[in-house]
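The residues making up each chain are set out below.
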There are 2 protein chains.
Amino acid sequence: MQNFNSISVENFIKTIYQFELREGKDTRSGSIAKELGITNAAATDMARKLASKNIVAYQKYKALKLTADGKKMALHIVRRHRLWETFLHQVLGLNMHEIHQEAELLEHATSEFLLDKIDAFLGNPTTDPHGDPIPNKNGVIEKEKEVLTLSAAKVGECYEVCRLVGGHKEFYDFCQANKLTVGAFISINKQYPHTKMTEIEIGSLRISLHADLAGMIYLKKLKKSAEHISSTSKNG
Amino acid sequence: MQNFNSISVENFIKTIYQFELREGKDTRSGSIAKELGITNAAATDMARKLASKNIVAYQKYKALKLTADGKKMALHIVRRHRLWETFLHQVLGLNMHEIHQEAELLEHATSEFLLDKIDAFLGNPTTDPHGDPIPNKNGVIEKEKEVLTLSAAKVGECYEVCRLVGGHKEFYDFCQANKLTVGAFISINKQYPHTKMTEIEIGSLRISLHADLAGMIYLKKLKKSAEHISSTSKNG
DNA sequence: TTTTATTTTTAAGTAAACTTAAATTTAATA
DNA sequence: TATTAAATTTAAGTTTACTTAAAAATAAAA
Ligand SMILES: [Mn+2]
Ligand SMILES: [Mn+2]
Ligand SMILES: [Mn+2]
Ligand SMILES: [Mn+2]
């Protein structure tokens, strides 16, 4: 494609891409800086530099946006990240948090050649262990399905957990401890809008989650009945 | 152990370590610079910097030497490199040259945690696919066996190929094309000291190699007879 | 042992990726 | 709307890992 980008540049581009998608996150330079653990000044410098290379569409004081080129780059990095996550999970058995951490480094040290080998070895997977879609070799990614979070789910309905969008250890520890894994089946017992709590049932467990956590758990509605569900859970 | 070293520092330390071992290679700053593709001036800078951190024992105009600390660091990098090579070969089926290239990058992006997982997955291997020993977790490496190269082998004797010390694609391509793999059995037909050629027999093949290549192929003497050998070759 | 060639070091400078501190702009609030 | 607060940008400076060019030291050749 073009010459090679540094780790700092790759992380910067990837972060903008991810923040553009996730609601509740903006792509102002300050937010990107905070996520990357650098100062606002450094983020501005980087934004200006990438703008000169037509990777970022930069306007002073405005939110950062990727150009078409930038987005394509981001998708290639995301592909490396998610294929590594899938590989580390399936082959070496690392857990949700561990795969993320390791992939964060490996994504910057992986040739196209090696990536193809990993992809083929895994049988060209389309989602990673967190339920996130893996862009294909051309940078094409399955567009976000009409998903809803646990916070927005309807009382009485049954759902399948299809995505865990966290990133931090504590979140995944909580999910694992409560059998909230991708593919798990749950039903909604009650919503408490004022306190922002959701009470769910998973297997024989009944747990209450605050929106801070529930908003990171994405669901897919099921047709099946609740009774049927409890006996066919994929995970657990 | 200590804070983290950059990729440049890791490659520098590793190169000194490897050049210290390989005969025909010296560790003068110019040699290291050439190997790393940097200028002599840059190598001198790095040597002085690492000397200030007690990683390199540096004296002006003298060959570079690692301190005890430096050697320990080098062994940890070598461990990462060789475990990755083994993993890529055994799990993803990459060839001799490919594993080296990829490991050259991955070795700098691998946590102790992940390395332990890889090590355990492989069953704590002690040699990599090139026949090179893998240092253990504490940086202890099996000391070089009394090995001889193909150039120095005796006519009429039988040997097992135990190490391919090349590094460049063409060498490995040549070896693979001629069934010269680690574990292969060969016998020496003739030595031509003046032209520095060695004629060997491997299976039904009879090939002649110049010392430039033959010097990179290490052998272990066998007790078995040549007849027995041809029917029990591990590789091929 | 001179002279010459090679190697190494020093000096000065660059680019990337940061930092802190001050100036500017935008957003929020009284 | 005027004032204050928060975010962003600019300016200036640092560290790392290089570079080129000149000076100094070592090694090789005459
Ligand atoms: Mn990363
Ligand atoms: Mn993921
Ligand atoms: Mn390397
Ligand atoms: Mn090797």
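Residue indices follow the written sequence of each chain, beginning from 1 at its first position. Chains and ligands are labelled sequentially in the order written, the chains with letters from A and the ligands with numbers from 1. Selection of residues for local features in this predicted model requires a pLDDT of at least 70, selection of side-chain atom pairs for listing and counting requires 80 or more, and totals for whole chains, interfaces and linings are taken over all residues. The side-chain values count all of the structure's non-hydrogen atoms but skip hydrogen atoms and water molecules.

A.B. asks: Provide a residue-level description of the sheet that holds strand S4 (residues 158–164) of chain B, including the pertinent values.
C.D. replies: All names here are of chain B. Pairing between strands is defined by DSSP: at least two bridges between the two strands are required. Segments assigned H or I by DSSP are reported as helices when at least four residues long, segments assigned E as strands when at least two residues long, and all are numbered from the N terminus. One open sheet holds the six strands; their spatial order is S3-S8-S4-S5-S6-S7, and the pairing between them is antiparallel. The open sheet has two free edges, formed respectively by strand S3 (148–149) and strand S7 (205–210), since each of these has just one partner strand. One ladder, built from two bridges, connects S3 with strand S8 (residues 217–221); its direction is antiparallel. In the sheet register, Thr149 faces S8, and the bridge partner there is Tyr218. Across the sheet, helix H7 (residues 169–177) touches S4, S7 and S8, and the angle it forms with S4 is around 150 degrees. Every residue pair with non-hydrogen atoms within 4.5 Å of one another is taken to be in contact. Lines fitted to C-alpha atoms define the axes here, with helix axes fitted over just the stretch in contact, and angles between the N-to-C directions of these axes take values from 0 to 180 degrees.

A.B. asks: Now, about the coordination of the manganese ion (ligand 2): what can you tell me, with residues and values included?
C.D. replies: Around a metal, the ideal angle is 109.5 degrees if four donors adopt a tetrahedral arrangement and 90 or 180 degrees if six donors adopt an octahedral arrangement. Residue and element names in this part refer to chain A. Within the protein, Glu85 (OE), Asp128 (OD) and His130 (ND1) serve as the donor atoms for the manganese ion (ligand 2), at 2.0 to 2.3 Å. Each metal site lists N, O and S donors within 2.8 Å (3.2 Å for Na, K and Ca). With water left out of the atoms, a site can look as if it is missing ligands. Within one chain, the residues serving as donors to the manganese ion (ligand 2) are arranged as E-x42-D-x1-H. Pair noted here: Glu85 is in helix H4 (residues 68–92) and Asp128 is in the loop between helix H6 (112–121) and strand S3 (148–149), with a separation of 43 residues, a long-range link. Accessible area is worked out with a 1.4 Å probe on protein chains only. A residue is then buried under 20% of its type maximum, exposed over 50%, and partly exposed in between. Its relative accessible area of 1% is what places Glu85 among the buried residues. Accessibility expressed as a relative area gives 5% for Asp128, which makes it buried.

A.B. asks: Requested: an account of the interface of chain A and chain B, with residues and values cited.
C.D. replies: Facing 17 residues of chain A, the contacting portion of chain B comprises 17 residues. Taken as a group, A:Leu92, A:Glu102 and A:Ala109 account for 30% of the area that chain A buries against chain B, more than any other trio of residues on that side. Between Lys or Arg on one side and Asp or Glu on the other, a salt bridge is scored when a side-chain nitrogen of the former is within 4 Å of a carboxyl oxygen of the latter. Taken together, the connections running from chain A to chain B amount to zero salt bridges. Each polar contact in these results corresponds to two N or O atoms within 3.5 Å; when the atoms are within protein, one needs to be able to donate a hydrogen and the other to accept it, and residues that are neighboring in sequence are counted only if both atoms are side-chain atoms. The tally of links from chain A across to chain B stands at two residue pairs in polar contact (both at pLDDT 80 or more). Elements with a minimum of two residues in the side of chain A that touches chain B: H4, helix H5 (96–106) and H6 of chain A. Throughout, buried area stands for the accessible area (probe radius 1.4 Å) lost by two parts on being put together, summed over both.

A.B. asks: If you had to explain the relation of the copies chain A and chain B to someone new, which residues and values would you point to?
C.D. replies: If you rotate chain A by 180 degrees and push it 0.0 Å along the axis, it lands on chain B with an RMSD of 0.1 Å. Each copy turns onto its partner about a two-fold axis. The residues that chain A uses at the interface reappear at the interface of chain B in 100% of cases, marking a shared surface. Least-squares superposition aligns the copies on the C-alpha atoms of those residues with pLDDT at or above 70 in both.

A.B. asks: Kindly report on the protein's contact with DNA strand C, identifying the contributing residues and their values.
C.D. replies: Whether a residue is near a molecule or strand depends on its heavy atoms: it is near if one of them lies within 4 Å of it. Looking at DNA strand C, there are 20 residues lining it, with A:Ser6, A:Lys49, B:Thr44, B:Tyr58 and B:Lys60 nearest. Near the protein, meaning within 4 Å, the atoms of DNA strand C are sugar or phosphate in a fraction of 83%, with bases accounting for the rest. Within the side chain of B:Thr44, a nitrogen or oxygen atom sits 2.7 Å from a phosphate oxygen of DNA strand C. B:Lys60 has a polar side-chain atom sitting 2.7 Å from a phosphate oxygen of DNA strand C. Elements represented by at least two residues in the surface near DNA strand C include exactly helix H3 (40–52) of chain A together with helix H2 (29–36) and helix H3 (40–52) of chain B. Note that Gly is not counted as nonpolar here; it falls among the polar residues with everything else outside the nonpolar set of Ala, Val, Leu, Ile, Met, Phe, Trp, Tyr, Cys and Pro and the charged set of Asp, Glu, Lys and Arg. Each residue belonging to the surface near DNA strand C can be placed in one class, and the counts come to seven nonpolar, eight polar and five charged.

A.B. asks: Can you lay out the packing of helix H2 (residues 29–36) of chain A against H3(A) for me, pointing to particular residues and giving the numbers?
C.D. replies: Residue and element names in this part refer to chain A. Where H2 contacts H3, the two axes come as close as 8 Å, and the packing angle between them is 110 degrees. In terms of axis orientation, H2 runs roughly perpendicular to H3. As for how H2 packs across H3, the hand of that crossing is right-handed. Residues Ser29, Gly30 and Ala33 of H2 form the contact with H3, whose participating residues are Asn40, Ala43 and Thr44. Any angle that falls under 35 degrees is termed roughly parallel, while one over 145 is termed roughly antiparallel, one within 65 to 115 roughly perpendicular, and all others oblique. Working rule for handedness: look at the near helix, and if it is turned counterclockwise from the far one by less than a right angle, call the crossing left-handed; if clockwise, right-handed.

A.B. asks: Break down the packing of aromatic side chains for me, citing the residues and quoting the values.
C.D. replies: The aromatic pairing rule takes the rings of Phe, Tyr and Trp, using the six-membered ring of Trp, and pairs them if the centres are within 6.5 Å, calling planes under 30 degrees apart stacked, those over 60 edge-to-face and the rest tilted. This model, assessed by the stated rule, comprises eight aromatic pairs over all chains. Two thresholds decide whether a charge sits over a ring: the Lys NZ or Arg CZ must be within 6 Å of the ring centre and within 35 degrees of the ring normal. When the ring centre of A:Tyr218 is taken as reference, the NZ or CZ atom of A:Arg163 above it lies at 5.9 Å.

A.B. asks: Provide a residue-level description of the pairing of strand S5 (residues 185–192) of chain A, including the pertinent values.
C.D. replies: Residues and elements named next belong to chain A. The pairing of strand S4 (residues 158–164) with S5 spans three bridges and is classified as antiparallel. Looking at S5, one finds that Cys158 is bridged to Ser187. Pairing between S5 and strand S6 (residues 197–202): five bridges, direction antiparallel. Bridge assignment links Tyr192 to a residue of S6, and that residue is Met197. Once S5 ends, the chain turns through four residues before running back antiparallel as S6, passing Lys196 with a positive phi of about 60 degrees.

A.B. asks: Which residues make up the protein's contact with DNA strand D, and what values do they have?
C.D. replies: Neighbouring residues of DNA strand D: 20 residues in total, closest A:Thr44, A:Tyr58, A:Lys60, B:Ser6 and B:Lys49. Taking the atoms of DNA strand D that fall within 4 Å of the protein, sugar and phosphate contribute 82% of them. The set of elements that each furnish at least two residues to the surface near DNA strand D consists of H2 and H3 of chain A together with H3 of chain B. Considering only residue class, the surface near DNA strand D consists of seven nonpolar, eight polar and five charged.

A.B. asks: So what's going on with the coordination of the manganese ion (ligand 1)? Residues and values would help.
C.D. replies: Residue and element names in this part refer to chain A. Bound to the manganese ion (ligand 1) on the protein side are Asn11 (OD1), Glu104 (O), Glu104 (OE), Glu107 (OE) and His108 (NE2), at distances that span 2.0 to 2.5 Å. Taken in chain order, the donor set of the manganese ion (ligand 1) reads N-x92-E-x2-E-H. Placement of Asn11 in helix H1 (residues 7–21) and of His108 in the loop between H5 and H6 is noted, with a sequence separation of 97 residues between them. The two residues Asn11 and His108 agree in class, both being buried.

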